[in-house]
Every structure is written in C-alpha cells, then in structure tokens.
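Now for the letters of each chain:
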Amino acid sequence: LDSKLIEEGASTNSLMAGVQLLPGESAEHYEKELRLLLDEVQGGSPMAALLTRELYDSIVWARRHSLDKAAIILDEMADVISGGIFGSNHILAALQALIIDPANEEASDLIDTRLSQMSATMEGVRAMAIHRSIKKLEILDNLISQQLNTARHLQKSIEALELKPRLLKRLDLQIES
C-alpha cells in the first residue's frame with residue numbers, strides 16, 4: 001500500500017474501526033496480518049484498502065467458525081466420554097491437554113481408562129459427538145461457506161480496482177494514437 005495513503009489517515013488503526021476482536025485475539029496480530037494484505041494491494045486507493053480490510057475480516061470469521069466447529073466436537077466428545085461417571089469438564093481438560101501434548105501420560109491414561117470402560121474407541125466417540133452436534137456443525141459450515149464466498153467476491157472487486165487504472169491508461173493511449 002502506498003505510504004502516502006497511510007500518511008493521509010488510512011492507517012490500519014482507522015481501517016480497524018468496527019472490528020470486534022474476541023477474547024484471546026490479539027489486536028497486534030490482526031493489524032500485522034491486515035498490513036500484509038494491504039501491502040499486496042497495487043492500487044493503494046482508500047476503496048482498495050477498505051475492501052482489503054473486509055476481505056481479511058471474512059477470512060478471520062471463517063477461521064473463527066472453523067475453531068468453533070472443533071470446540072463443539074471436542075466438548076461433545078467430553079460429554080460422550082464422561083457419561084456421568086467423571087465430570088465432563090475434567091474429561092474436556094484431558095482432551096485439550098492431549099491436543100497440546102499428545103504424550104501427556106496423565107491425560108492419556110484418563111481418556112484410555114474411560115474408553116476401555118465404555119468399550120469404545122476415540123474414532124467412535126468422535127463420530128457420536130459429530131452425530132449429536134450435526135445441526136450446530138451444519139450452521140457453522142454454512143457460515144464458513146458464506147464467509148469464503150464473501151472473500152471471493154471481495155477479491156474480485158479488489159482485482160477490478162487494481163485493473164481499472166491500467167485499462168484507463170490503455171484507453172488514453174489508444175485515443176492518442
């Protein structure tokens with residue numbers, strides 16, 4: 001992005017107006033990623049910068065929804081595994097610990113013991129969790145699809161903005177000849 005545009009007030013801070021970060025999300029990370037996208041925009045116009053911010057927001061929301069899907073499945077898996085014998089929060093913590101560190105013996109032992117008592121496998125528990133939460137997952141899939149479609153349309157708009165000056169210049173050259 002043209003540095004003049006940034007100097008004229010279209011900084012990423014002003015472009016972030018209205019963006020709602022969720023707990024655990026970093027404004028610095030958002031701004032860094034947004035700046036990378038803005039740097040790729042050829043036109044440097046305020047409109048291109050605005051569309052780029054909207055494009056990034058769509059990507060952020062698609063990522064959030066993907067994380068939400070994983071959280072729903074994990075929470076439901078904890079409910080399936082706990083089966084009323086252990087608290088599902090305890091099982092959920094163990095599942096989360098295994099995601100962070102698959103070699104966590106304490107968490108692995110807890111989950112393996114419970115799966116053995118249930119005569120179940122992790123794959124079977126996951127399938128049951130997905131079956132139980134399929135409506136929520138379908139809603140999130142639709143939201144992800146919507147965000148990705150929005151991102152595609154915004155990308156086309158940005159490309160059209162970038163192409164416009166070149167087309168005008170070509171037209172001017174044709175008129176002059």
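Just so you know, the residues in each chain are numbered from 1, in the order the chain's sequence is written. Whole-chain, interface and lining totals are the exception, using all residues; otherwise, since this is a predicted model, local features are given only for residues with pLDDT of at least 70 and side-chain atom pairs are given and counted only at 80 or more. Only heavy atoms go into the side-chain values, all of them from the structure, while hydrogens and water stay out.

## So, the overall build of the chain
- Numbering goes from the N terminus for both helices and strands, where a helix is a DSSP run of H or I of at least four residues and a strand is a run of E of at least two. When helices and strands are counted, the chain shows 8 helices and 0 strands.
- Going from the N terminus to the C terminus, the chain shows its helices and strands as α-α-α-α-α-α-α-α.
- Each residue's exposure class comes from its accessible area (1.4 Å probe, protein chains only) as a fraction of the maximum for that residue type: buried when under 20%, exposed when over 50%, partly exposed otherwise. Residue burial in the chain is summarised as follows: out of 177 residues, 31% are buried.
- Should any heavy atoms of two residues lie within 4.5 Å, those residues are counted as being in contact. Put simply, 63% of the contacts in the chain that link residues at least 6 apart link residues at least 24 apart.
- The accessible surface values rely on the Shrake-Rupley method and a 1.4 Å probe; as for residues, cover is taken only from the protein chains in view. Approximately 11,400 Å² of the chain is accessible, and the part contributed by carbon and sulfur atoms is 56%.

## Some points on helix H6 (residues 105-118)
- Between the first and last C-alpha of H6 there are 20 Å, a value that for 14 residues agrees with the 20 Å anticipated at 1.5 Å per step.
- Summarising the contacts, the buried residues of H6 are in contact with helix H4 (46-82), helix H5 (88-100) and helix H7 (122-132).
- Two or three places before Glu106, at the start of H6, stands the capping residue Asn104, its side-chain oxygen 3.2 Å from that residue's backbone nitrogen. To estimate the expected span of a helix, count its residues, drop one, and scale the result by 1.5 Å. N or O atoms closer than or at 3.5 Å make up a polar contact, with two conditions inside protein: a donor-capable atom paired with an acceptor-capable one, and, for residues adjacent in sequence, both atoms drawn from side chains.

## Comments concerning the nonpolar core
- By nonpolar core is meant a set of buried Ala, Val, Leu, Ile, Met, Phe, Trp, Tyr and Cys residues that side-chain atoms within 4.5 Å join together. Counting 18 residues, the largest nonpolar core has Met77, Ile81, Ile91, Leu95, Ile111 and Val125 as its most contacted members.
- Counting only elements with at least two residues in this core, the list comes to H4, H5, H6 and H7.
- Ranked by residues supplied to this core, first place goes to H4 with 6 residues.
- By size, the runner-up hydrophobic cluster in this structure holds 6 residues, among which are Tyr30, Leu38, Ala49 and Tyr56.

## A short note on the packing of aromatic side chains
- What counts as a ring pair is set by centres within 6.5 Å for rings of Phe, Tyr and Trp (its six-membered ring), and what kind of pair is set by the plane angle: stacked under 30 degrees, edge-to-face over 60, tilted for all other angles. Applying the stated criterion to the full structure yields 1 aromatic pair.
- In our convention, an over-ring charge means Lys NZ or Arg CZ found within 6 Å of a ring centre and within 35 degrees of that ring's normal. Lying over the aromatic face of Trp61, Arg64 brings its terminal NZ or CZ to 4.3 Å of the ring centre.

## Some remarks on helix H3 (residues 27-40)
- Look at H3: 20 Å from first C-alpha to last across 14 residues, which is about the 20 Å you get at 1.5 Å a residue.
- Within H3, burial applies to Tyr30, Leu34 and Leu38. On an axial view of H3, the arc spanned by its buried residues comes to 65 degrees, and they lie on one face. H3 presents Glu28, Lys32 and Glu40 as exposed residues on the side facing more than 90 degrees away from its buried surface. The arc in question is formed by the directions pointing from the helix axis toward the C-beta atoms.

## Some details on the environment of Gln117
- In this structure, Gln117 sits in helix H6.
- Expressed as a C-alpha distance, the spacing of Gln117 and Ile81, which sit 36 residues apart in the sequence, is 9.7 Å.

## So, the packing of H3 against H4
- With axes taken as lines fitted to C-alpha atoms, and helix axes fitted only over the stretch in contact, angles between N-to-C directions fall between 0 and 180 degrees. Running from N to C, H3 and H4 cross one another at 130 degrees; their axes reach a closest spacing of 10 Å. By the angle between their directions, the pair H3 and H4 is classed as oblique. Crossing handedness for the pair H3 and H4: right-handed. When H3 is examined against H4, the residues His29, Tyr30, Glu33, Leu34, Leu37 and Leu38 are found in contact with a partner set consisting of Ala49, Thr52, Arg53, Tyr56, Asp57 and Val60.
- Within the contact of H3 with H4, the residues separate by chemical class into 7 nonpolar, 2 polar and 3 charged. Our angle categories are set so that under 35 degrees counts as roughly parallel, over 145 as roughly antiparallel, 65 to 115 as roughly perpendicular, and the remainder as oblique. Two helices crossing with the near one rotated counterclockwise from the far one by less than a right angle form a left-handed crossing, whereas a clockwise rotation gives a right-handed crossing. Nonpolar residues are Ala, Val, Leu, Ile, Met, Phe, Trp, Tyr, Cys and Pro. Charged residues are Asp, Glu, Lys and Arg, and all others, Gly as well, are polar.

## Thoughts on a negative patch on the surface
- Patch building starts from residues that exceed 30% relative accessible area and form no salt bridge, then joins like charges within 9 Å and nonpolar side chains (Val, Leu, Ile, Met, Phe, Trp, Tyr) within 5 Å. Any Lys or Arg side-chain nitrogen found within 4 Å of a carboxyl oxygen on Asp or Glu counts as a salt bridge. Only four residue types enter the charge count: Lys and Arg as positive, Asp and Glu as negative, with His and the chain ends excluded. A charged residue contributes its charge at one atom only: NZ of Lys, CZ of Arg, CG of Asp or CD of Glu. Where like charges cluster on the molecular surface, the negative patch consists of Glu105, Glu106, Asp109 and Asp112.
- Along the chain, the position of Glu105 falls in helix H6.
- For Glu105, a relative accessible area of 61% corresponds to the exposed category.

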